[in-house]
Amino acid sequence: MSLMDDIKTLRDKTGAGMMDCKKALLECKNDMEQAIVYLRKKGLAAMAKRADRETKEGRVAVKTDGKNFAMVYLGCETDFVAKTDGFINLANELADYVLAHPGVNYDTDETIKAKIAEEAPKFGENTTFKGAYNWTPADGAVMAYYVHSDNKKASLLEMAVAGNVDKTKAAEIARGLAMHTVGMQTGWIKAEDIPQEVIDKELDIYKTQALNEGKSEQAIEKMLPGKVKKFAKENCLLEQGTIKDNKKTVADYLKEESNALGGTLTVTRFVRF
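Now for a description of the structure that goes with this document. Values in this document were obtained by computation on a predicted structure and should not be read as measured data.

## Some details on the overall build of the protein chain
Per the secondary structure count, the protein chain includes eleven helices and six strands. The globule rule puts the C-alpha radius of gyration for 273 residues at 19 Å, and the 24 Å found for the protein chain is more than 25% above it. Seen through its C-alpha atoms, the protein chain measures out along the principal axes to roughly 70 × 55 × 35 Å. Taken across its 273 residues, the protein chain has 41% of its residues classed as buried. With the model as given, the accessible surface of the protein chain reaches about 15100 Å², and the carbon-plus-sulfur share is 50%. Counting 41 positive and 42 negative side-chain charges, the protein chain places the averaged centre of each group 3 Å from the other.

Listed below in structure tokens is the structure:
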């Protein structure tokens, strides 16, 4: 095996940074077991013991260069660590990296893994890369994002703009809708976007509950279309009520704004952490 292979193996076993692993192997003349002991003595191998701990806290970071937008989610174990300068800086560094490297498989990217492995031991907690997106708005579209005040929830949203519409105003509307998807925990844009397996799962849950309540199979079947419609209304952006007026759907709101601006506004995609 090459030195780089040994460094990777040692890093996988200990969670220590690449440079620390390299130094340990050189000091211990490539003896893997002695290198592990070396790192443990320096307190750099502790992360291996934490690798199976859940990372329910964390931070979302969003960066843009004015055209491209990057959103990253970095996980940790406690809210305390998520608020430290080191953790915040790491999340921002990863967002900068994602912004500068479009089209990469971020889940397997070695640079991202190395950055986290290098910094994670300083936090004393399991630190995980939860995911990332790098989006460029399509021609004629605007893109906006919203990050909640706790930095744990965020959304990135693209909206196609047709006609003589003020792009600044359109971007404001897009940001408001991004905020809506965070607040309402929106899952999809429209009912047709809901995967069939999700619908099947929801219907199975409803059927079981209804049968347990003593409803007949015939009565349940008649009620299923209404249940699907209700699920879509609760989870699809265009069918949800607006935050300011829940009697007005987002679809109605977009139609009103489109008419007022003399064009057409259409949400084409969004992603939410």
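## Notes on unusual backbone geometry
Here Lys-29, not a glycine, exhibits a phi torsion of approximately 55°, which is positive. By the element assignment, Lys-29 lies in the loop between helix H2 (18–27) and helix H3 (32–41).

## Here's the deal with the sheet that holds strand E2 (residues 69–76)
Strand order in the open sheet formed by three strands is E1-E2-E3, and the pairing between neighbours is antiparallel. Of all strands in the sheet, those bounded by a partner on one side alone are strand E1 (57–64) and strand E3 (128–135). If you compare each strand with its neighbour and ignore which way they point, the axes differ by 10° on average. Inspection of the sheet shows E1 paired to E2 by eight bridges, in the antiparallel sense. From the neighbouring strand, Thr-64 faces E2, where its bridge partner is Phe-69. Against the sheet, helix H6 (residues 85–100) touches E1, E2 and E3, its axis set at about 145° to E2.

## Observations concerning the pairing of strand E4 (residues 141–147)
The element E4 is largely enclosed, with a buried count of five among its seven residues. Counted between consecutive antiparallel strands, the loop separating E4 from strand E5 (residues 154–163) contains six residues, among which Asn-151 sits at a positive phi close to 60°.

## Quick notes on the nonpolar core
Nonpolar side chains in soluble globular proteins tend to be buried together. Counting 22 residues, the largest nonpolar core has Leu-94, Ile-112 and Phe-129 as its most contacted members. Breaking this core down by element, the ones donating at least two residues are E2, helix H5 (79–82), H6, helix H7 (110–123) and E3. For this core, the element with the most residues is H6, which contributes eight residues. Other than its neighbours up to four places away in sequence, Ile-112 contacts Leu-94, Tyr-97, Val-98, Tyr-106 and Phe-129. With 20 residues, the next largest nonpolar core counts Leu-157, Ala-178, Val-182 and Leu-254 among its residues.

## Here we look at helix H10 (residues 217–235)
Compared with an ideal rise of 1.5 Å per residue, which puts 19 residues at 27 Å, H10 spans 26 Å between its outermost C-alpha atoms and is within 8% of the ideal. If you look at H10, its biggest bend is around 35°, right at Met-223, and the proline Pro-225 turns up within four residues after that. Of all the residues in H10, the buried ones are Ile-220, Leu-224, Phe-231, Ala-232 and Asn-235.

## With respect to the pattern of salt bridges
Following the criterion strictly, the structure yields twelve salt bridges and no others. Across the pair Asp-79 and Lys-83 runs a salt bridge whose closest N-O atoms are separated by 3.0 Å. For Asp-79, a relative accessible area of 26% corresponds to the partly exposed category. Residue Lys-83 is classed as exposed on the basis of its relative accessible area of 58%. Salt bridges linked by common partners bring Glu-57, Asp-79, Lys-83 and Lys-152 together as one network.

## Concerning the environment of Arg-269
With respect to the helices and strands, Arg-269 occurs in strand E6 (residues 263–272). Residue classification places Arg-269 among the partly exposed positions, given a relative accessible area of 26%. Along the chain, Arg-269 and Ile-199 lie 70 residues apart, while their C-alpha atoms are 20 Å from each other. Residues within four places of Arg-269 in sequence aside, it is in contact with Trp-135, Thr-136, Met-143, Leu-156, Leu-157, Glu-158 and Ile-189.

## A word on the sheet that holds E5
The antiparallel open sheet is built from three strands, whose spatial order is E4-E5-E6. The sheet terminates laterally at E4 and E6, the two strands that pair on one side only. Sheet twist, expressed as the mean angle between neighbouring strand axes with direction ignored, is 20°. Here nine bridges tie E5 to E6, and the two strands are oriented antiparallel to one another. Note on E6: the bridge partner recorded for Ala-160 is Thr-266.

Scoring rules and cut-offs
Residues numbered from 1 in each chain as written. Predicted model: local features only at pLDDT ≥ 70, side-chain atom pairs only at ≥ 80, totals over all residues. Heavy atoms only, no water. Helix = DSSP H or I, 4+ residues; strand = E, 2+ residues; numbered from the N terminus. Rg over C-alpha atoms; globule rule 2.2 N^0.38 Å. Buried < 20%, exposed > 50% of the residue type's maximum accessible area, 1.4 Å probe, protein only. Areas by Shrake-Rupley, 256 points an atom, 1.4 Å probe, with all protein chains shown as cover. Lys, Arg positive; Asp, Glu negative; His and termini not counted. Charge placed at Lys NZ, Arg CZ, Asp CG, Glu CD. Pairing = 2+ DSSP bridges. Axes fitted to C-alpha atoms, helices over the stretch in contact; angles between N-to-C directions. Contact = heavy atoms within 4.5 Å. Core = buried A, V, L, I, M, F, W, Y, C linked by side-chain atoms within 4.5 Å. Expected span 1.5 Å × (residues − 1). Bend = angle between axes of the 7 residues up to and from the residue. Salt bridge = Lys/Arg side-chain N within 4 Å of Asp/Glu carboxyl O.

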